[in-house]
Amino acid sequence: MPIGARTLSKSDYKIARQCDAKLFFRENGYPDNTGMNDYLKLLAYGGYMVDALACARRPDGIALEYGRNHAADFATTMEHLARDDVTLFQATLLWNRRLARADILEKRGNAIRLLEVKTGSIAGDEHADSVAKGGRGSMRGVKSPYHIRNEWKEYLEDVTYQTILLERLLPDAAVTPWLVLVDTSRRSGIDDVPSLFDIERGGRDGAGVRSMRFTGTRDQLAELDILLEVDVSEEVAMLRGDVDSAASVFESMLDEPFDRSWAHHGSKCGSCEFRVGSGVEPNGFEECWGDLALARPHALELFSIGTAKSPDRGPLVEYLVSTGKASLLDIPEAGLRTAKGEIGATAARQLRQIEHTRSGDIWIGPQLRDQVAALSYPLYFIDFEVSRIALPYHAGMRPYGPVAFQWSCHVVDAPGSTPRHSEWLNTESTWPNLTFARTLRDALGDAGSVLTWTAFEASQLKDIAAEHPRFEALDSGLVDWIRDLIGTRFFDLHKCARDQFYHPGMKGRTSIKVVLDAVWKTDPIMREQFLQWTGRRVSASEDPYKALPPLVIAGVEQSVHEGTGAVRAYEAMMYGAERRDERARAQWRELLLQYCALDTLSMVLVFEHWRRTTGIA
Ligand code: SF4
């Protein structure tokens, strides 16, 4: 195969399964808006760790290099596979135009185990229990014909794709496909797990990860026994026909010009990575939607659009496209009601959005005033940052267990008084959850309403108290305090934003950043309060979050504007390549503190806006 010829990689196959048009845009280098955002960086970080752990269990394994010359990489793989007994990492498989890098191949004579390593989790005890009782395990339905559960399809299709390739390349081999997953029924036996990995930095901006290596001892590896290898031969047999024929179709599309019939319109188009801003060329979204891409306000901005129906109870977006419409104001209201004509909470929010987008008016719900007035001072506005990644960092924790590493709190002692700020950020490599909760108890005391944005804080507190066996044993009074806090003092401001308030600038969204930004532009008193409380002047046309100053850390400009970015900053500060660089750690700390403080201050600003607009202030 010539260098540069188009191939159908595993990632190509995966994206084509979402929408045929995406394959064309990806193959032809259309701009997308994923970049390497914080969420993807975090996922990649966890993926590298799990991969490194799986490889560490095979000290005889050979890590193969690979680059743009797929044919040469493939030839190297086949040379190694000519041996009787060999274990390969990142082997290159190439058949026709299909390409895959196999995480792990273990060849013993004629038998090959093909292992795909994923960061996905499985409760190994429940899986084993299902199999022991005659079921087919956690990836399958509980009754005959034991269909494959939707949430496992993507992983299983991935391993099926590779299995087909390997069988075509080595028709005499007996290939067994496996998934390697993190097992949430196991716990880590050791502390400070991230320090056992060596990170090599890479990527375009130098801030990503090129590779990771487990540097711990054999004993430490045994203590970190949290991976489960699951034989997925049956599932691959069920999927292979479908995967093979889909892959053939995708291969045949690789060199074809764009065909509008590949565009499968739906509510998913709203979050499509090829929905780049107008003026960006080439523009995948505009090629799929044609003139309908230019509708303003666009129907895809509707709140919870995935739940909206057409008047004939079919999917709304497909209906609109078929009638040549795409404006939010063209959405038929009849379809938003239930079949009986009733209006639920979601439909009410959708109808409100359409009505007040049309009028341009702000809407204050009939219960907002009473809800705001009923809260008891002092008011505590709180926000947590909690990391949940694949490998448990501390002894006794399970994979994806919560690591509560920061809280921020703004306290308003009496109506209209200047908020006071307090915060806590973990900087120790030990299990932080108990200290997190104790310092929070010191800050919140036993009286006063505690205001959050969404139920996130309540659910995290419940989880950290329940997840670790040491929590209740060390401080049972703390568990009682958490129960009382959640049961009697919490109040969710997000519910007010969703059900009792609408600003046309919010469009279909209700996050604190969106609500703040919408009100910010139209409320000079809010901007003045911000100046008074922070000493920072941010104009009406700026976004207070985006105005947070970035810092250059180890030569790379870094900033934190949202929750996933905060988790990534914490990972970098505690366990990243600069973890032993005190200046870099201090800079990450500064970014984290300024971001989280703004989150709780934003809640105070929005709350004060509501007090004014409801006539309480
Ligand atoms: S905009 Fe819609 S139709 Fe076009 S690629 Fe994205 S998801 Fe597919």
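## Details of the overall build of the protein
Part 1: In terms of regular secondary structure, the protein is built from 21 helices and 17 strands.
Part 2: For 617 residues, the compact-globule estimate of 2.2 N^0.38 gives 25 Å, and the C-alpha radius of gyration of the protein, at 27 Å, lies within 12% of that figure.
Part 3: Summarising its shape, the C-alpha atoms of the protein cover approximately 80 × 65 × 55 Å along the three principal directions.
Part 4: Of all 617 residues assigned to the protein, the portion counted as buried reaches 37%.
Part 5: Across the protein, every contact between residues at least 6 apart in sequence was considered, and the portion connecting residues at least 24 apart equals 71%.

## Examining the site of the ligand
Part 1: What surrounds the ligand is a group of 14 residues, the closest being C19, A263, C269, C272 and C288.
Part 2: Looking at the shell around the ligand element by element, the count peaks at three residues for helix α9 (residues 284-289).

## Focus on the packing of helix α18 (residues 512-522) against helix α21 (residues 582-613)
Part 1: Where α18 contacts α21, the axes come no closer than 10 Å and their chain directions differ by 50°. When the interaxial angle is binned, α18 and α21 end up oblique. Note that α18 runs across α21; the crossing there is left-handed. Two secondary-structure elements touch here, α18 through I512, V515, L516 and V519 and α21 through D599, S602, M603, L605, V606 and H609.

## Notes on the sheet that holds strand β4 (residues 111-122)
Part 1: In space, the six strands of this open sheet follow the order β1-β2-β3-β4-β5-β8, with mixed pairing throughout. The open sheet has two free edges, formed respectively by β1 (62-63) and β8 (227-231), since each of these has just one partner strand.
Part 2: For β4 and strand β5 (residues 174-183), the ladder comprises nine bridges, and the chain directions are parallel. Its bridge partner being in β5, R113 is matched across the sheet by T176.
Part 3: Sitting on the sheet, helix α6 (residues 150-169) is in contact with β2 (85-95), β3 (98-108), β4 and β5, with an inclination near 165° to β4.

## Details of the nonpolar core
Part 1: Of all hydrophobic cores here, the largest spans 152 residues; its most connected members are M49, Y380, A569 and L592.
Part 2: Residue contributions to this core peak at twelve residues, all from α21.
Part 3: Setting aside residues up to four positions removed in sequence, L592 forms contacts with Q406, L425, V560, A566, A569 and Y570.

## Here we look at the sheet that holds strand β12 (residues 420-425)
Sheet strands line up and pair through hydrogen bonds in the backbone, either parallel or antiparallel.
Part 1: Strand order in the open sheet formed by five strands is β12-β11-β10-β13-β14, with mixed pairing between adjacent strands. At either margin of the open sheet sits one strand with a lone partner, and together these are β12 and β14 (490-492). With direction set aside, neighbouring strand axes in the sheet form an average angle of 25°.
Part 2: Here helix α13 (residues 433-444) sits on the sheet and contacts β10 (379-387), β11 (403-412), β12 and β13 (450-452); the angle it forms with β11, its principal contact strand, is near 5°.
Part 3: Most of the contacts of α21 go to β11, to which it runs at about 45°, and overall it touches β10, β11, β12 and β13.

## Comments concerning the domain arrangement of the protein
Part 1: Taken domain by domain, the protein comprises domain 1 (37-243), domain 2 (260-360), domain 3 (368-494) and domain 4 (506-613).
Part 2: With centres defined by C-alpha atoms, the gap from domain 1 to domain 3 works out at 37 Å.
Part 3: With 19 residues of domain 1 at the interface, the matching set in domain 3 holds 14 residues.
Part 4: Elements with a minimum of two residues in the side of domain 1 that touches domain 3: α3 (38-56), β4 and β5.
Part 5: The leading source of residues in the side of domain 1 that touches domain 3 is α3, at three residues.
Part 6: Its residues assigned to classes, the side of domain 1 that touches domain 3 shows seven nonpolar, seven polar and five charged.

## With respect to helix α20 (residues 563-575)
Part 1: For α20, which comprises 13 residues, the first-to-last C-alpha distance of 18 Å matches the rise-based estimate of 18 Å (1.5 Å per residue) to within 8%.
Part 2: Where burial is concerned, most of α20 is hidden: ten out of the 13 residues are buried.
Part 3: If you check which residues of α20 are buried, you get G565, A566, V567, R568, A569, Y570, E571, A572, M573 and M574.

## Details of the pairing of β4
Part 1: When β3 meets β4, the two strands line up antiparallel, connected through five bridges. Each bridged residue has a counterpart across the sheet, and for E106 the counterpart in β4 is R113.
Part 2: Between the antiparallel neighbours β3 and β4 lie two residues, among them G109 with a positive phi of about 65°.

What counts and what doesn't
Residues numbered from 1 in each chain as written. Predicted model: local features only at pLDDT ≥ 70, side-chain atom pairs only at ≥ 80, totals over all residues. Helix = DSSP H or I, 4+ residues; strand = E, 2+ residues; numbered from the N terminus. Rg over C-alpha atoms; globule rule 2.2 N^0.38 Å. Buried ≥ 20, exposed ≤ 12 C-beta atoms within 10 Å, placed from the backbone. Contact = placed C-beta atoms within 7 Å. Near = placed C-beta within 6 Å. Axes fitted to C-alpha atoms, helices over the stretch in contact; angles between N-to-C directions. Parallel < 35°, antiparallel > 145°, perpendicular 65-115°, else oblique. Left-handed = near helix turned anticlockwise from the far one by under 90°. Pairing = 2+ DSSP bridges. Core = buried A, V, L, I, M, F, W, Y, C linked by C-beta atoms within 7 Å. Domains from an automatic or database assignment. Nonpolar A, V, L, I, M, F, W, Y, C, P; charged D, E, K, R; others polar. Expected span 1.5 Å × (residues − 1).

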